[in-house]
Amino acid sequence: MIIKKAQAGSLESSDCLVTVEPADAYSMSYSGQNEAIFKRRTERIALEVAERLSASARVSIQDQGAIEVTLRARIETAFERAMGDGGVRV
Amino acid sequence: MSGKKNTNSACRSMLYMPGNNPGMLQHAAVFGADSVLFDLEDAVSEREKDAARRLVSHFVKDVDFGKVIVTVRINGADTPYFERDLKEIVPSRPAAVRVPKCHSPEDVTRADELMSEIERANNMPLGSVKIHAMLETAHGIEHAYDIAVSSPRIEALTLGGQDLTADLGVQKTRGGVEFLYARGRIVMAAKAAGLSAFDTVWTDLNDIEGLKNEAALAVQIGFTGKAAVHPSQVDAIHEAYRPDTKELRRAFRIVAGAEAAEREGKGVISVDGRMVDGPIVTRAFNLINLASLYGIEKEDDLT
Amino acid sequence: MKMIKNSLARLVPEEIPGVGKFEPYVSPFAYLDRKLTSPAIKSRPIHPQAPRHDKVTSDIKRAIERSGLESGMTISFHHHLRGGDAVIPLILRALSDMGFKNLTLAPSSLPDSHDFVADYIRSGLVTRLFSSGARGEVGRAISNGEIEIPVVLRSHGGRARAIEQGDIAIDVAFLGAPACDKYGNMTGSAGRAACGSLGYAQLDARYARHVIAVTDNIMDYPLRPRISIPQYLVDQVLLVDSIGEASKIATGAVKISRNPVDLKTARNAFDLLKASGLMTNGCSFQVGAGGASLAVAAFVKDYMKENKIKGSFGLGGMSGYMIEMLEEGYFEAMLDVQSFDKSVTDSMTRNPNHIEIDVSCYANPFNKGCAAHNLDMVILAALEIDTDFNVNVQTGHDGVLRGAIGGHPDTAAGAKCAVIVAPSFRGGVPTIKERVTTVCTPGETIGAFVTERGVCINPRREDLIRRARDAKLPVKDIRELKAEIEALTGVPDKPMADESRVVAVVENRDGTLLDSVYKVV
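All values derive from a computational prediction rather than experimental measurement.

> Tell me about the overall build of chain C, and name the residues and values.
What chain C contains, in helices and strands, is 15 helices and 32 strands. Taking 24 Å as the expected radius of gyration for a compact globule of 521 residues, we find that chain C reaches 22 Å, a close match to that expectation. Considering only C-alpha atoms, chain C reaches an extent of 70 × 55 × 45 Å along its principal axes. Scored against the burial criterion, the 521 residues of chain C give a buried share of 59%. The contacts of chain C with a sequence gap of at least 6 include a subset with a gap of at least 24, amounting to 74%.

Here is the structure:
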């Protein structure tokens, strides 16, 4: 259960900044230099995490060139932080 | 005689990488270090401990680092992160976790018990993730041997120089005289327990000469490897471990002699007209293993 | 536009309305088998002059009127003043104010900073563009389809060929002159806006119908101690307040990268050069000014020092590092078509072995022999490379024009061993593609692609593969490396493009077409 707005990651090169906010339905927005080629990949990863956690949330990702593992880790951390301490273990 | 070959992969260098820096982690395998050490401790601020832990666990689990040995430095047993670090890192199956600030055997046994629980819960072979115990206090150094034998999981003792200077109330010098005792003690305890011994870092990135001197000292004392804080330090460390050409030529002859003796069913190995003992043969095999890391596979490769 | 497939399976137009007909690319040296004939040599136009006639004016409009320039004609500029250039904005504004339309802009290249050119494309002042590249706002405008006639992108050698062969007929060349005398002798090695070599401008001065030296620095006649472009090629001397911002022309020395990924790449590239057997006495070498390329040069220098090797010449764009290698005796000469940083600027006046060469001498495949064809080794960068080793230095992964071709295909074709250095991925985007977005340099001319993760050698180069394996280099199949990287980054989608609308073409150095650039969606 998403109880608060939270962020993870950074705007450093090769990282991404993920923001997760409470919302009635899942939505995701992506921005960054790699939109033309990596928007769908990023959407897929974010959705996977959200579905696994059964969390409806508004997710936004500012991508600074993160590779897949980085994206996944940052998205998970953002979700966990948004779920509060002791949130569901991803 | 193949049993004489060193089955452990050589680990001359271990390159520290800040655990919350994806830009560095994604290139961890390319700098030529024998092992990398993803740091969740000093390199990560308090508020990013969770993020770094998750990032590192994904990297260790999902990224192919090839032949590079992957280890993770977790936060100490005296921090609130210790258990969570182990719970998340151990299932990602690094070769080892480095446990900092080992004051006494209890610090290791605590990590060991937790790791066994985690391995069982994750259907991992028991003891598959090793411990590198980091000694960085006077108390820890004085209990080096007890720590070394405190768990079968322990694979190496490592010297943590920066905290040790603080504990000793001394300054780090270029020659490293302040660590002479600690280095000797750690190497002796590690070897006595059949473990590896890893030397501390050289922090002045601009002083490659200083690093070379310190690495040479580490080799002379008997350290099996040395930590690096930057990719630019890896080559200097490897150079320090490069086998001496003359000694290597002799090693090739000893190994040839040993193989000939085995073929002919002789119990006694003789090289250059002299008898050679078992430990010397072992050392020759180890040296040849080491030489292969420098592209030297046979005597003809020596110039 | 009727499209035809070339030998690289790229669709290229047979004709660009308003520009002319084109042949599709066949192979790097197919031109040797073509029955090419020169246009009949006519005498040069004559310009009878009275003694002591006055060439100097400070009236821009007057100078333009005297040049005989009309709407629809072709103008050229050089890009030696780099990001500090104030000549192109000054002249284009004057032309715009005077009501010119429909001009062909044919500079040697466009500096990074010249976003304003896009406005003149939109206003109709410029309706055709021939350049080595297009970046920033200009690149975006072209990629968005804001210029109707496709832009023709050429390498430096290709542009020299096009000018000498008559494909580009320059009506008026406006040539920024950091030092100039009243009779039009000029050089780039002195003055407040000193830029070093004037190698690109030298060619335009020879072939333009009318040449205007644009200067902020008239020196005593005769200009000394060196003259890059002589007075008899110059019609007018236009005196202006400033031809450029010195700090952006003579930038600080390009530094060797300290980025460990770049250094690892450079180390791998150096190891390959060493294995190639080409680093011997009398060798020749070119590197770009990028940090990783320069790092290769640093390794080469150490190796030459250790092994007492003296090379013959260094070529191309000169950075301080190459001049240092000349001064310290590692090469006999540096052939300089373009200077990159401040430390190079006055070296030519001090050192007779630092030699200014014009761009035709540098790279034109159709003159009697260019220096690029004498090269042993060249280190080049890339935005993308494909599994067939075709290189893209022009369009980004989104398909937008953002680079310049420069001497890339010329030196790759000429050198015995062309090594592409690039990170295996940057900004999260893999460098290796199944097919590059735009072919700028054909894969047939590339020896190897080197990254921080290993060396990929072109399968066409069995000699190099053997040598690299003998030297135990980390040789990888380019497809394997591609898969290794995509396992990290994910597999990128193909960016959307409107393939019915060609916005630019890439011309090979011999005038055939390598590829088309399409409108982005």
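> Tell me about the overall build of chain B, and name the residues and values.
When its secondary structure is counted, chain B shows 12 helices and 10 strands. The C-alpha atoms of chain B give 20 Å as radius of gyration, which agrees with the globular expectation for 303 residues (19 Å, within 12%). Here the C-alpha coordinates of chain B stretch approximately 65 × 45 × 40 Å along the principal axes. Counting all 303 residues of chain B, 45% fall into the buried class.

> Lay out the environment of serine 27 of chain A in plain terms, naming residues and giving numbers.
All names here are of chain A. Among the secondary structure elements, serine 27 is positioned in strand E3 (residues 27–32). Given 14 C-beta atoms within 10 Å, serine 27 falls into the partly exposed group. Separated by 19 residues in the primary sequence, serine 27 and alanine 46 place their C-alpha atoms 9.7 Å from one another.

> With reference to specific residues and values, describe the sheet that holds strand E13 (residues 186–187) of chain C.
Residues and elements named next belong to chain C. Judged by pairing direction, the sheet is mixed, and its 3 strands sit side by side in the order E13-E12-E15 without closing on themselves. At either margin of the open sheet sits one strand with a lone partner, and together these are E13 and strand E15 (218–219). Alignment of strand E12 (residues 179–181) against E15, held across 2 bridges, turns out to be parallel. Bridge assignment links aspartate 181 to a residue of E15, and that residue is methionine 219.

> Help me get a handle on the pairing of strand E32 (residues 513–520) of chain C, residues and values and all.
Residues and elements named next belong to chain C. Counting buried residues along E32, 7 of its 8 residues qualify, which places the element largely inside the surrounding structure. When strand E31 (residues 497–507) meets E32, the two strands line up antiparallel, connected through 7 bridges. Across the sheet, valine 506 pairs through a bridge with aspartate 515, a residue of E32. The hairpin formed by E31 and E32 contains 5 residues between the paired strands, and glycine 511 there has a positive phi angle of roughly 95 degrees.

> Account for the packing of helix H2 (residues 68–82) of chain A against helix H2 (residues 49–62) of chain B, with residues named and values stated.
Closest axis-to-axis distance for the H2 of chain A/H2 of chain B pair is 9 Å, and the angle between their directions is 145 degrees. The two elements H2 of chain A and H2 of chain B meet at a crossing, and its hand is right-handed. Contacts between H2 of chain A and H2 of chain B pair Val69, Thr70, Arg72, Ala73, Glu76, Thr77 and Glu80 of chain A from the former with Asp50, Ala51, Arg54, Leu55, His58, Phe59 and Asp62 of chain B from the latter. For the contact of H2 of chain A with H2 of chain B, the per-class residue count stands at 5 nonpolar, 3 polar and 6 charged.

> Tell me about the environment of arginine 58 of chain A, and name the residues and values.
Residues and elements named next belong to chain A. Considering the arrangement of structural elements, one finds arginine 58 in strand E4 (residues 57–63). Judged by the 17 C-beta atoms lying within 10 Å of it, arginine 58 falls in the partly exposed class. For the pair arginine 58 and phenylalanine 79, spaced 21 residues apart in the sequence, the C-alpha separation amounts to 10 Å. Contacts of arginine 58, omitting those with residues within four sequence positions, involve Glu21, Ala23 and Ser27.

> Any chance you could break down the nonpolar core for me, citing the residues and the numbers?
Counting 175 residues, the largest nonpolar core has Ala213, Val419 and Ile420 of chain C as its most contacted members. Those residues in contact with valine 419 of chain C that sit more than four places away from it in its chain are Ala269, Leu272, Leu273, Ile379, Gly447, Ala448 and Val450 of chain C. Formed by 100 residues, the second largest nonpolar core is a distinct cluster that contains Ala6, Leu17 and Val49 of chain A together with Val97 of chain B.

> Let's hear about the interface of chain C and chain A: which residues, and what values?
Counting from both sides, the interface comprises 11 residues of chain C and, opposite them, 12 residues of chain A. For the side of chain C that touches chain A, the per-class residue count stands at 4 nonpolar, 5 polar and 2 charged.

> Lay out helix H2 (residues 87–97) of chain C with the relevant residues and their values.
Those residues of H2 of chain C that sit buried are Val87, Ile88, Leu90, Ile91, Leu92 and Leu95 of chain C. Along its buried surface, H2 of chain C packs onto helix H1 (60–67), strand E7 (103–105), helix H3 (117–123), strand E11 (172–177) and strand E14 (210–215) of chain C.

> Tell me what's going on with the interface of chain B and chain C, and back it up with residues and numbers.
Each partner contributes residues to the interface: chain B has 8 residues there, and chain C has 7 residues. Its residues assigned to classes, the side of chain B that touches chain C shows 4 nonpolar, 4 polar and no charged.

> Mind laying out the sheet that holds strand E4 (residues 96–99) of chain B, listing which residues take part and the relevant values?
All names here are of chain B. A barrel is described by the order of its strands in space; here 8 strands give the closed sequence E1-E2-E3-E4-E5-E6-E7-E8, paired in parallel fashion. The mean angle between the axes of side-by-side strands here comes to 25 degrees, regardless of whether they run parallel or antiparallel. Here strand E2 (residues 35–39) runs beside strand E3 (residues 69–73); their pairing, made up of 5 bridges, is parallel. Following the sheet pairing, valine 36 is matched in E3 by valine 70. Where helix H8 (residues 180–192) meets the sheet, it contacts strand E5 (130–135), strand E6 (154–159) and strand E7 (196–199), and its direction lies at approximately 175 degrees from that of E6.

About the cut-offs
Throughout, residues of each chain are indexed from 1 in the direction in which the sequence is written. To label them, take the chains in the order written and letter them from A, then take the ligands in the order written and number them from 1. The predicted origin of the model limits local features to residues at a pLDDT of at least 70 and limits the giving and counting of side-chain atom pairs to 80 or more, whereas totals for whole chains, interfaces and linings rest on all residues. Every helix listed is a DSSP run of H or I at least four residues long, and every strand listed is a run of E at least two residues long, numbered separately from the N terminus. Within these notes, the globule rule equals 2.2 Å times the number of residues to the 0.38 power, and the radius of gyration is based on C-alpha atoms. Labels follow a simple rule on C-beta atoms placed from the backbone: if 20 or more others lie within 10 Å of a residue's own, it is buried; if 12 or fewer, it is exposed; otherwise it is partly exposed. Here, residues touch in the contact sense if the C-beta positions derived from the backbone fall within 7 Å of one another. For two strands to count as paired, DSSP must find a minimum of two bridges between them. Whenever a helix is involved, its axis is fitted only over the stretch in contact; in every case the axis is a line through C-alpha atoms, and angles between N-to-C directions fall within 0 to 180 degrees. By definition, any crossing whose near helix is turned counterclockwise from its far helix by less than a right angle is left-handed, and any crossing with a clockwise turn is right-handed. The nonpolar class holds Ala, Val, Leu, Ile, Met, Phe, Trp, Tyr, Cys and Pro. Asp, Glu, Lys and Arg form the charged class, and all remaining residues, Gly among them, are polar. The term nonpolar core refers to a set of buried Ala, Val, Leu, Ile, Met, Phe, Trp, Tyr and Cys residues connected through C-beta atoms within 7 Å.

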